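Breakdown of the fold
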Amino acid sequence: MKKNDIRLFILGSGTCIPYERRGSSGYALKLPSSTVLLDCGNGTTWKLSKVGINYLEVDHIFLSHFHPDHTSDLIPFLFATRYSYRERRGKPLFIWGAKGFRSFFSALEKAYNGWIVPDCLNILEIEEGTLKLDDFTITARKTPHIESSLAYRIESEGKSLVYTGDTDFSESLIELAKDADVLIIECSSTDDLKVKGHLTPSEVVKIARESKAKRVVVSHLYPICDERNIIEKIKQELDVDVVVAEDLLEIRIPI
Ligand SMILES: [Zn+2]
Ligand SMILES: [Zn+2]
């Protein structure tokens, strides 16, 4: 039986800034037999419908950290799951975040009076290390951004995808991204406007080069990144495929 490619959909390539070109962070991954979301920033639930993924198909959501531009669509996602009208979810939903996620979620649950708690819901905390789930493994590593921030490496069918989440430079990211087929890496500003806790184009180049990632998807782009065309600089310095993330872009990983 011929297997399908792994399909990555960029739901949001931007940040917290309202920007017509880029919504807040979110990525959907269609693996051979499961559907995974990486982050759930504002607008991502609606964007799932734009890329043809029924939100009720999602098996796992992994949160890179608790900032609103990465988590705020949990509310419409879960509200829609609980009140899904004629369609019903026939399977469990697992949402994963770093240590502290259970108390983060119970505050949301309280604020929303239980409306965001469907029967299928499992709230789980993930630590550094590797877990085997369904048809993939996931490895989490802490990143220098905020207390709850993690980067992830997902492996399935011999292919690997790494998502940095929001992060400053770290050697452990290079190790996590070693030989990855796809590296989704944040880049939030220009070299001369470095913001602590985020990456600049030079740091993206260093991580991409040293990890030997095969395809580099540059994302989490503030408007200034487009105004100053940071992608050109990154492309010039790397001799692998560099893709600028765009909302609704699909990337295929052949298996
Ligand atoms: Zn962010
Ligand atoms: Zn953040």
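Structural notes, computed from the coordinates. (Residues numbered from 1 in each chain as written. Chains lettered and ligands numbered in written order. Predicted model: local features only at pLDDT ≥ 70, side-chain atom pairs only at ≥ 80, totals over all residues. Heavy atoms only, no water.)

A few words on helix α8 (residues 230-237). Within the sequence span of α8, burial applies to I230, I231 and I234. Relative to the axis of α8, the buried residues are bounded by an arc of 100° and lie together on one face. (Buried < 20%, exposed > 50% of the residue type's maximum accessible area, 1.4 Å probe, protein only. Helix = DSSP H or I, 4+ residues; strand = E, 2+ residues; numbered from the N terminus. Arc of directions from axis to C-beta.)

All right, on to the side chain of S24 then. By the element assignment, S24 lies in the loop between β1 (6-12) and β2 (26-30). With relative accessibility at 4%, the residue S24 sits in the buried group. Within the structure, S24 has its side chain in polar contact with the backbone oxygen of T15 (distance 2.8 Å). Side-chain polar atoms of S24 contact the side chain of N42, separated by 3.0 Å. (Polar contact = N/O pair within 3.5 Å; in protein donor to acceptor, adjacent residues only side chain to side chain.)

Quick look at the nonpolar core now. L38 and F62 are the most contacted members of the largest nonpolar core, which totals 28 residues. Of all the secondary structure elements, the ones that give two or more residues to this core are β1, β2, β3 (35-38), β8 (136-142), β9 (150-156), β10 (159-163), β11 (182-186) and β14 (250-253). With residues up to four places along the chain from it excluded, the contact list for F62 reads V36, L37, L38, D39, W96, I126, L133, F136, I138 and Y152. Residues L56, V58, I61 and F105 belong to the second largest nonpolar core, which totals 27 residues. (Core = buried A, V, L, I, M, F, W, Y, C linked by side-chain atoms within 4.5 Å. Contact = heavy atoms within 4.5 Å.)

A separate point is the coordination of the zinc ion (ligand 2). Those donors, H65 (NE2), H67 (ND1), H145 (NE2) and D166 (OD), are the protein atoms that reach the zinc ion (ligand 2), and they lie 2.2 to 2.4 Å from it. Relative to the metal, the 4 donor atoms surrounding the zinc ion (ligand 2) lie at angles of 92 to 165°, and the coordination shape comes out irregular. On the primary sequence, the residues serving as donors to the zinc ion (ligand 2) are separated as H-x1-H-x77-H-x20-D. In this structure, the zinc ion (ligand 2) lies 3.5 Å from the zinc ion (ligand 1), and both are coordinated by D166. (Donors = N, O, S within 2.8 Å, 3.2 Å for Na, K, Ca; no water. Tetrahedral: all angles 85-135°; square planar, octahedral: opposite > 155°, others 65-115°.)

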